[in-house]
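# Commentary on secondary and tertiary structure
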Amino acid sequence: MSWKAGLSRYLPSLRFFACPNSPSSRGVMQYYVKNYDELKLLNPNFPLMMRTVENAMPAVTTELEWTMDDLFRFMIQTGRFRDNNGTISEARVEAAKAYLSTDWKKMAVERWKSPGFDPERPYLDEDEPEWKDNAQIKSDLATYFNMKSAIKEQLDIIKSGPNDEFTRAENALLMCQRVDLWCAGPKEVERAVQHLYKLGRKLNEREVDYPAFIAEFYPGVDDMAA
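Here goes a summary of the coordinates provided. Quick caveat: nothing in here was measured; it's all calculated off a predicted structure. (Residues numbered from 1 in each chain as written. Predicted model: local features only at pLDDT ≥ 70, side-chain atom pairs only at ≥ 80, totals over all residues. Heavy atoms only, no water.)

Attention now goes to the nonpolar core. Among the nonpolar cores identified, the biggest contains 26 residues, and Leu 7, Leu 14, Phe 16, Val 60, Leu 181 and Val 193 are the most heavily contacted of them. By residue number, the principal contributor to this core is helix α11 (residues 186-204), which donates seven residues. Apart from the residues within four sequence positions on either side, Leu 181 is in contact with Ser 24, Val 28, Pro 58, Ala 59, Val 60, Glu 188, Val 189 and Ala 192. If you look at the next biggest cluster of nonpolar residues, it comprises 23 residues, including Phe 74, Val 93, Leu 141 and Ala 169. (Core = buried A, V, L, I, M, F, W, Y, C linked by side-chain atoms within 4.5 Å. Buried < 20%, exposed > 50% of the residue type's maximum accessible area, 1.4 Å probe, protein only. Helix = DSSP H or I, 4+ residues; strand = E, 2+ residues; numbered from the N terminus. Contact = heavy atoms within 4.5 Å.)

Dropping the structure here:
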């Protein structure tokens, strides 16, 4: 029961698809009907939807917040960086590894090294068209500009693959949040839901930073009466 109670914590929603008249969807329909009340009791505000249409492929899906890091790791692990001759592209693999090793915390710090100036401020070029010629800003933000330039170069290399390699990898990763359940029984459907739960937990796990001590005190009724 513990993982069922955590569905709403790690997943934004669950959508079941089924054909109401097809035996291949019977397991999905049975699981949904049998478990709906329990899942809604444990996750009152969690969208738990069933979509039925003739000839639908039975499946369960969710929507996960994939990042560039997730995509590049997926492409490396599944060998999707390939040249036209079918061999692994070492250049694009190394570019992806370099991107994954980016020190984002350092970059965030370097962004603010020029007092009172933000190089990513909206409409900066319109408001201060000559800011790029400012020697002091160039000096203060040299590391930031170098890191940003390196990231752009890495992304250009990564996305330069043939045959829409990058777009196809994005679509393949998105399909990881869908489990097809053709002729699956209720037990297989539950395993599919558990799979999506574990995937969401891996992507959305957050450590709560509790304060070491009470920083603020709010008086109660007794204190106010005194």
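Right, let's get into the pairing of strand β1 (residues 14-18). In β1, alternate side chains face the same way, and those of Leu 14, Phe 16 and Ala 18 are buried while those of Arg 15 and Phe 17 on the opposite face are not. Relative to strand β2 (residues 48-52), β1 runs parallel, the two being bridged by five bridges. Across the sheet, the residue bridging to Phe 17 is Arg 51, located in β2. Each parallel crossover has a hand, and the one from β1 via helix α3 (residues 26-42) to β2 is right-handed. Pairing of β1 with strand β3 (residues 59-61) involves three bridges; the strand directions are antiparallel. Bridge assignment links Phe 16 to a residue of β3, and that residue is Val 60. (Pairing = 2+ DSSP bridges. Right-handed = clockwise from strand over helix to strand, strands pointing away.)

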